[in-house]
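Topology and contacts: notes
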Amino acid sequence: MRFFEYEAREIVRRAGIPVTDFGFAKTPAEAREIAQRIGGPVVIKSQVLSGGRMKAGGVRFADSPEEAEAHAQAILALEIGGHMPRGVLVDPKAEVEQEYYAGVVWDGTRKLPVMIFSPVGGIDIEQVAAEQPEQVGRRHISTILPLSDFAAKETIARAGVSGGELTKIVPILRRLAELFLRYDMTLAEINPLGRLPDGSFVALDAHMEIENEARGRQRELLLELGVDPTETRQAREATPFEIAGEEVDSSDHRGVAGNVTEFDGNLGLVIGAGGGSLTLFDAVRAHGGRPANYCEIGGNPSVRKAAGLAKLVLSKPGVERIAVMMSIVSNTRVDIVARGVIKACLELGYDPAEKIAFFRIPGAWEEEGFKILQKYGIDYADRSVSLNEAARRAVEKIQGANEEAVR
Amino acid sequence: MRVDGTFIAVEVSEQAAADQELARRLAEVCPVDIFRLRTAAAESGGSADALEIVAENVDECVLCRLCLDTAPAGAVKVIKLYDNEALLA
Ligand code: SF4
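Summary of the structure given here.

Each value, and the rule that gives it
Residues numbered from 1 in each chain as written. Chains lettered and ligands numbered in written order. Predicted model: local features only at pLDDT ≥ 70, side-chain atom pairs only at ≥ 80, totals over all residues. Heavy atoms only, no water. Helix = DSSP H or I, 4+ residues; strand = E, 2+ residues; numbered from the N terminus. Polar contact = N/O pair within 3.5 Å; in protein donor to acceptor, adjacent residues only side chain to side chain. Contact = heavy atoms within 4.5 Å. Buried < 20%, exposed > 50% of the residue type's maximum accessible area, 1.4 Å probe, protein only. Arc of directions from axis to C-beta. Phe/Tyr/Trp six-rings, centres within 6.5 Å; stacked < 30°, edge-to-face > 60°. Lys NZ or Arg CZ within 6 Å of the ring centre and 35° of its normal. Axes fitted to C-alpha atoms, helices over the stretch in contact; angles between N-to-C directions. Parallel < 35°, antiparallel > 145°, perpendicular 65-115°, else oblique. Nonpolar A, V, L, I, M, F, W, Y, C, P; charged D, E, K, R; others polar.

1. Regarding the side chain of A:Arg321
Residues and elements named next belong to chain A. Structurally, the position occupied by Arg-321 is in strand β14 (residues 321-326). Here Glu-354 takes part through its backbone oxygen, which lies 3.4 Å from a polar atom of the side chain of Arg-321. Setting aside chain neighbours within four positions, we find Arg-321 in contact with Asn-266, Leu-267, Gly-268, Glu-354, Lys-355, Ala-357, Lys-397, Ile-398 and Ala-401.

2. Section: the side chain of A:Ser327
Residues and elements named next belong to chain A. Summarising the element assignment, Ser-327 is placed in the loop between β14 and α12 (334-347). Accessibility expressed as a relative area gives 16% for Ser-327, which makes it buried. In this structure Ser-327 touches Gly-272, Ala-273, Gly-274, Gly-276, Arg-360, Pro-362 and Leu-387, once residues within four positions along its chain are discounted.

3. Examining helix α6 (residues 149-158) of chain A
Residues and elements named next belong to chain A. Taken together, the buried positions of α6 are occupied by Ala-151, Ala-152, Thr-155 and Ile-156. For α6, the angular spread of the buried residues around the axis is 125 degrees, confining them to a single face. Those residues of α6 that are buried are in contact with β6 (112-118), β7 (137-140) and α7 (163-182). After α6 finishes, the residue Gly-160 shows a positive phi value of roughly 90 degrees.

4. Details of the packing of aromatic side chains
Ring pairs (aromatic) are described by centroid distance and by the angle formed between their planes. All names here are of chain A. Under the defined criterion, the tally for this structure stands at eight aromatic pairs over all chains. Members of the aromatic cluster, joined through ring pairs, are Phe-4, Tyr-6 and Phe-24. Over the aromatic face of Trp-365 sits the side chain of Arg-333, whose NZ or CZ is 3.5 Å from the ring centroid. Across from the ring centre of Tyr-376, 5.9 Å away, lies the NZ or CZ of Lys-375, which sits over that ring.

5. Here we look at the environment of A:Ile17
With respect to the helices and strands, the residue A:Ile17 is situated in the loop between α1 (5-14) and β1 (23-25). Excluding residues that lie within four positions of it along the chain, A:Ile17 makes contacts with A:Val12, A:Ile172, A:Arg175, A:Leu176, A:Leu179, A:Ile190 and A:Ala203.

6. Description of the packing of helix α9 (residues 240-250) of chain A against helix α11 (residues 303-314) of chain A
Residues and elements named next belong to chain A. The contact between α9 and α11 brings their axes to 9 Å, and the two run at 170 degrees. Between α9 and α11, the crossing angle belongs to the class labelled roughly antiparallel. On α11, the residues touching Phe-241, Ala-244, Gly-245, Val-248 and Asp-249 of α9 are Lys-305, Gly-308, Leu-309, Leu-312 and Val-313. A class-by-class count of the residues in the contact of α9 with α11 yields six nonpolar, two polar and two charged.

Given below as structure tokens:
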């Protein structure tokens, strides 16, 4: 879940990292008051979660409170990337000598957080890494062992920063890493971190994201920041189909059968298990298939829940057939999922053998599962058929049926 | 008493169904709530509990055998309708 900039800055401030004397305003009058308090030139920044604020006119400079109010009014009415702003951030226009980058991100490959530092800030760190790799210092940190100043020092020094600068930045990067760990974050970034003429450092912008699943654990922080527990903060609003998927998932505590994303294809997918969803979705597309949806099923859902998901997918306009495929399952039962998807077909008045293009779930209770599939004449495979091959067969089936219909 | 789902059927002998203590234990052991105690108000003035097989839960049966282990031999049958009515043993 992403935080708005004003929330991210507040998190940074609470961690003891110097920030500018910014304020968050929901109305032009509030923006004016904040500009008055700041008492000098200010920057008015739209608070939206989409990028491209500058280009869209969502960042403007003002020399007086009146100008700040007028800019705030314009920005508050400006839609950026399909989102209306939550408010505006009013920030003193800082005199900056140099901009740096400080960040901590989750490295999914190493399964560890990595501290990143660069004396080249204000632009995307990916661009700096590609064009000036010697200017980027990195170091993984443990999620278990205590965090040391040394780790931060090493990261910064690897980017070629030394002396007094190094000493001043070390506590900033260490505190950033501490808050990353404390709040279950996947991204904590200060960009730019500005060096002011007096040699001090201040966070000029911040981007933060926490693990979605950590929202329960981080309730206190979210409440303090005024984040509504029901806010999803997705890049786009969930569609009615996706909301219905969430309802299926939350209707029963057993297992997972949800996390649905809508696409416009004709092959409905009931997929999952240990990364299986992503692999299968990609495999279907690689074989020329057009998925109608993405979803995740696993953790041994009840028959009712599996049926609910399958019914939802089968009822989606444009869906001709569904493919039910998973990696080898150990904690999800093949027979239970088989019962669920067949029940969905039957309750909707479909012949399961017709509607289920392919079933490939090997693993726990597969003997019972295969007996059920045989009884209903469903095309299925065991573990000797790879995920890729299963996806190919499902696509072939739906394309074959369409060709047949054309003839 | 027998209730059929799409995949599973559950049958309890009349004698077992009338045993209130057994009914209570069946309701307790089944992990997917296929057995329920219903106060038989009309028949017994609200004093006795009758065993009910919950039709909407029958297909949730996880074939765990806990009901078979709880009841005297043959008193409860779990039938796999997808496997030529094979009995769960
Ligand atoms: S086998 Fe298990 S799940 Fe099925 S009815 Fe008996 S106790 Fe319930």
